[in-house]
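Here are the chains, one letter per residue:
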Amino acid sequence: MADTAQTLPHQRTDAEIIQQTDIVVGEFIGRKGALIPVLQTLQDIFGHLPELSLKRAGELLEIPYSEVAGVVSFYKYFSTVPRGKYLIRVCLGTSCYVRGGKEVLESFKNNLGIGIDETTEDQLFSLKVGRCFGACGLAPVAMINDDIYRRVKPSKVGEILQSYKVMEATDD
Ligand code: FES
């Protein structure tokens, strides 16, 4: 594996999390159904929903934490764990599954050293399973953020990942 000088995302302090949360809640407070847009905005800012932020938002909106946590766990869109800069989704819909999607997934797991719903230590990649991206004729399919990869071969996964690592290294 090539040695790439990756920059870790800025780790926010607790004070920064509180400050950002206060600003976001301040924009929505008093509006009906404020919780969902608050959570969406916080996730956009932090990349996930830190517990501290959820607790603070609940306090300010006068919604019990148990209720806030319930909403977060109900919607798949929300995540309480940090997500990598590049979200990889490997399709395991029927067409992709029968054309080797599982092997493609295994190859991503092995190359990244993580499992499904996990993030690499450098916070560059997160791995998820998807269900049909509407490109079944070109199965097996994987997506990395908005980039779609068709007829993915397990042996090519390392090369695909390397292109993102190189991009990161040259971005600095
Ligand atoms: S099943 Fe994978 S794109 Fe449709």
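What counts and what doesn't
- Residue positions are given per chain, counting from 1 as you read along its sequence in written order.
- Where totals are concerned, whole chains, interfaces and linings use all residues; where local detail is concerned, this predicted model gives features only for residues with pLDDT of at least 70, and gives and counts side-chain atom pairs only at 80 or more.
- With hydrogens and water stripped out, all remaining heavy atoms of the structure feed into the side-chain values.
- Helical segments are the DSSP runs of H or I of at least four residues, strand segments are the runs of E of at least two, and each set is numbered from the N terminus.
- Computed by Shrake-Rupley with a 1.4 Å probe, the accessible areas treat only the displayed protein chains as cover when residues are assessed.
- The source of the domain bounds is an automatic or database domain assignment.
- The term salt bridge refers to a pairing of a side-chain nitrogen on Lys or Arg with a carboxyl oxygen on Asp or Glu at a separation within 4 Å.
- Exposed residues in this analysis have more than 50% of their type's maximum accessible area, buried residues have under 20%, and partly exposed residues fall in between, with area computed by a 1.4 Å probe over protein chains only.
- We define a polar contact as two N or O atoms separated by no more than 3.5 Å, with the added condition that, inside protein, one atom must be a possible hydrogen donor and the other a possible acceptor, whereas residues neighbouring each other in sequence contribute only through side-chain atom pairs.
- Whether two residues are in contact is decided by their heavy atoms: any pair within 4.5 Å suffices.
- What a helix should span is 1.5 Å times the count of its residues minus one.
- In this description, one arc is meant: the one made by directions from the helix axis to the C-beta atoms.
- To obtain an axis, a line is fitted to C-alpha atoms, over the contacting stretch when the element is a helix, and the angle between two such axes runs from 0 to 180 degrees between their N-to-C directions.
- An angle counts as roughly parallel when it lies under 35 degrees, as roughly antiparallel when it exceeds 145, as roughly perpendicular when it falls between 65 and 115, and as oblique in every other case.
- Left-handed describes a crossing whose near helix is turned anticlockwise from the far helix through less than a right angle; right-handed describes the clockwise counterpart.
- Clockwise travel from the first strand over the helix to the second, with the strands pointing away from the viewer, marks a crossover as right-handed.
- Following DSSP output, two strands are said to pair if at least two bridges run between them.

Looking at the overall build of the chain
From N to C terminus, the chain includes six helices and four strands. Helices (α) and strands (β) of the chain occur, in sequence order from the N terminus, as α-α-α-α-β-α-β-β-β-α. Principal axes of the C-alpha set define a box for the chain whose edges measure 50 × 40 × 20 Å. Here the chain has roughly 10,000 Å² of accessible surface; of this, 52% comes from carbon and sulfur atoms.

Topic: the domain arrangement of the chain
Considered domain by domain, the chain is made up of domain 1 (14-74) and domain 2 (86-171). Between domain 1 and domain 2, the C-alpha centre-to-centre distance is 31 Å.

Considerations on the pattern of salt bridges
Counted according to the given criterion, the structure contains seven salt bridges. Residues joined by salt bridges that share partners form a network here, namely D22, R56 and E59.

A short note on the side chain of Q43
With respect to the helices, strands and loops of the structure, Q43 is situated in helix α2 (residues 35-46). What makes Q43 buried here is its relative accessible area of 5%. Among the polar contacts listed, one links the side chain of Q43 to the backbone oxygen of Y77, at a separation of 2.8 Å. With near-sequence residues (within four places) excluded, Q43 lies in contact with H48, L49, Y77, F78 and S79.

A short note on helix α6 (residues 157-171)
The first and last C-alpha atoms of α6 sit 22 Å apart over 15 residues, in line with the 21 Å expected at 1.5 Å per residue. Among the residues making up α6, those that are buried are V157, I160, L161, Y164, K165 and E168. The buried residues of α6 occupy an angular sector of 140° when the element is viewed end-on, so they sit on one face. Along α6, exposed side chains directed more than 90 degrees from the buried face belong to E159 and T170.

A few points about the packing of α2 against helix α3 (residues 51-61)
For the pair α2 and α3, the least separation of the axes is 11 Å and the interaxial angle reads 150°. Looking at the two axes, α2 sits roughly antiparallel to α3. Note that α2 runs across α3; the crossing there is right-handed. Residue-level contacts link L35, V38, L39, L42 and F46 of α2 to S53, L54, A57 and L61 of α3.

A word on the pairing of strand β1 (residues 86-91)
Burial analysis of β1 places five of its six residues in the buried class, the great majority of the element. Running through helix α5 (residues 94-112), the crossover from β1 to the neighbouring parallel element strand β2 (residues 125-130) is right-handed. The pairing of β1 with strand β3 (residues 142-144) spans three bridges and is classified as antiparallel. Residue I88 lies in a different strand from β3, and its bridge partner there is I144.

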